[in-house]
Amino acid sequence: FLPDGTYTFVNGAYCRYFQRAPEELIGRNFWQFVPPEAHEAGRTHLASITPARPVASMEHEVVAPGGEIRWQLWTDRGFFDAHGRIIEYQSVGHDITERKRAEVVLRQNEERLALAINGAQLGMWDWDLVKGSTAWSDHMRRIYGRDGVSPDAPLESFIQMIHPDDRQRVQRAIMESTQRPVPYEAEYRV
């Protein structure tokens, strides 16, 4: 497409997606398929493509046939004249609507879980086995008297807070849970 958004070429997949023949699209402007509230971000994205950085990607909403709002991911490449001025873009994209919907559901579930954990005043921590660090919820830090301590800490710092007489048993339970996918339960003193 040209810098103003005028199509110079569309493939069959694009035509099928928007339910239009090539002659209905070539010479027309692609901004007709982008909701007006996404135009500014789209224009900023395209303006970021330069001779030094000729390729960039962007996710944005589109108006599908029938008016449904869907999401697409586009990778755009700019073509420039000898003076570095943009003369045309070539874009390759695909529909990511289902992924975006799944992200919304995941975000909502995370918010609900956070509300439940905070409401029940439960401490929670995660252990990143690759990095070896733990992430503690705010309430977990409060329970252990670690307000103001970084939420990410090595597992060893958690183990050191367990009473010495209980430490080995709890550490063994944690390690065994990494060997087989079963939850562990351990009572211990802090």
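Residues numbered from 1 in each chain as written. Predicted model: local features only at pLDDT ≥ 70, side-chain atom pairs only at ≥ 80, totals over all residues. Heavy atoms only, no water.

Thoughts on the packing of aromatic side chains
- For the structure shown, the criterion picks out 14 aromatic pairs.
- When the ring of Trp125 is compared with that of Phe158, the centres are 4.7 Å apart and the planes differ by 35°; the resulting orientation is tilted. Taken as a pair, Trp125 in strand E4 (residues 125–128) and Phe158 in helix H6 (residues 155–159) lie far apart in primary sequence, 33 residues in all. Each of the two residues, Trp125 as well as Phe158, counts as buried.
- Ring geometry for Phe158 versus Tyr188: centroids 6.3 Å apart, planes at 90°, classification edge-to-face. Here the residue Phe158 occupies a position in helix H6, and Tyr188 occupies one in the segment after helix H7 (164–179), the gap between them amounting to 30 residues.
- Residue Phe158 is classed as buried on the basis of its relative accessible area of 1%. (Phe/Tyr/Trp six-rings, centres within 6.5 Å; stacked < 30°, edge-to-face > 60°. Helix = DSSP H or I, 4+ residues; strand = E, 2+ residues; numbered from the N terminus. Buried < 20%, exposed > 50% of the residue type's maximum accessible area, 1.4 Å probe, protein only.)

Describing the confidence of the model for the chain
- With 97% of its residues at a pLDDT of 70 or more, the chain has an overall mean of 90.
- The least confident element of the chain, judged by mean pLDDT, is strand E6 (residues 152–154) at 72; the most confident is strand E2 (residues 69–80) at 97. (pLDDT = per-residue confidence, 0-100.)

Some remarks on the nonpolar core
- One finds Tyr7, Val10, Tyr14, Leu25, Phe30, Phe33 and Leu46 to be the most contacted residues of the largest nonpolar core, which totals 18 residues.
- Listing elements by their share of this core, those giving two or more residues are helix H1 (12–18) and strand E1 (55–63).
- The biggest single contributor to this core is H1, with three residues.
- Residue contacts for Tyr7: discarding those within four places in its chain leaves Phe1, Tyr14, Leu25, Ile26, Gly27, Arg28, Asn29, Phe30, Gln32 and Phe33. (Core = buried A, V, L, I, M, F, W, Y, C linked by side-chain atoms within 4.5 Å. Contact = heavy atoms within 4.5 Å.)

Re the side chain of Asp166
- Structurally, Asp166 can be placed in helix H7.
- Here Asp166 falls in the buried class, since its relative accessible area comes to 8%.
- For Asp166, the side chain forms a polar contact with the main-chain nitrogen of Arg189, separated by 2.8 Å.
- Each residue touching Asp166, except ones within four places of it in the same chain, is listed here: Tyr188 and Arg189. (Polar contact = N/O pair within 3.5 Å; in protein donor to acceptor, adjacent residues only side chain to side chain.)

A look at the layout of surface pockets
- One number sums up the size of the largest pocket: a volume of about 690 Å³.
- As for the largest pocket, its lining consists of 33 residues, and the residues nearest its centre are Tyr14, Trp74, Ser91, Val92 and Gly93.
- Elements that contribute at least two residues to the lining of the largest pocket include exactly H1, helix H3 (39–47), E1, E2 and strand E3 (86–95).
- Broken down by element, the residue count for the lining of the largest pocket peaks at eight residues, all from E3.
- Classifying every residue of the lining of the largest pocket by side-chain character gives 20 nonpolar, ten polar and three charged.
- The calculated volume of the second largest pocket comes to roughly 180 Å³.
- Trp125, Met140, Phe158, Pro183, Tyr184, Ala186 and Tyr188 are the residues that line the second largest pocket. (1 Å grid on protein atoms, 1.4 Å probe; cavity = no way out; pocket = protein on both sides within 12 Å on 5 of 7 lines; lining within 4 Å. Points joined across faces, edges and corners; volume = space filled by probe spheres on them. Nonpolar A, V, L, I, M, F, W, Y, C, P; charged D, E, K, R; others polar.)

Concerning the pattern of salt bridges
- For the coordinates displayed, the defined rule picks out 13 salt bridges.
- With a shortest N-O distance of 3.0 Å, Glu59 and Lys100 are connected by a salt bridge. Pair noted here: Glu59 is in strand E1 and Lys100 is in helix H4 (residues 97–120), with a separation of 41 residues, a long-range link.
- Given a relative accessible area of 29%, Glu59 falls into the partly exposed group.
- On the accessibility criterion, Lys100 (17% relative accessible area) is buried.
- Ionic pairing is found between Arg101 and Glu68, a salt bridge with its closest N-O pair at 3.0 Å. Pair noted here: Arg101 is in helix H4 and Glu68 is in the loop between E1 and E2, with a separation of 33 residues, a long-range link.
- Overlapping salt bridges, with partners in common, bring together Glu68, Arg70, Asp95, Glu98 and Arg101 in one network. (Salt bridge = Lys/Arg side-chain N within 4 Å of Asp/Glu carboxyl O.)

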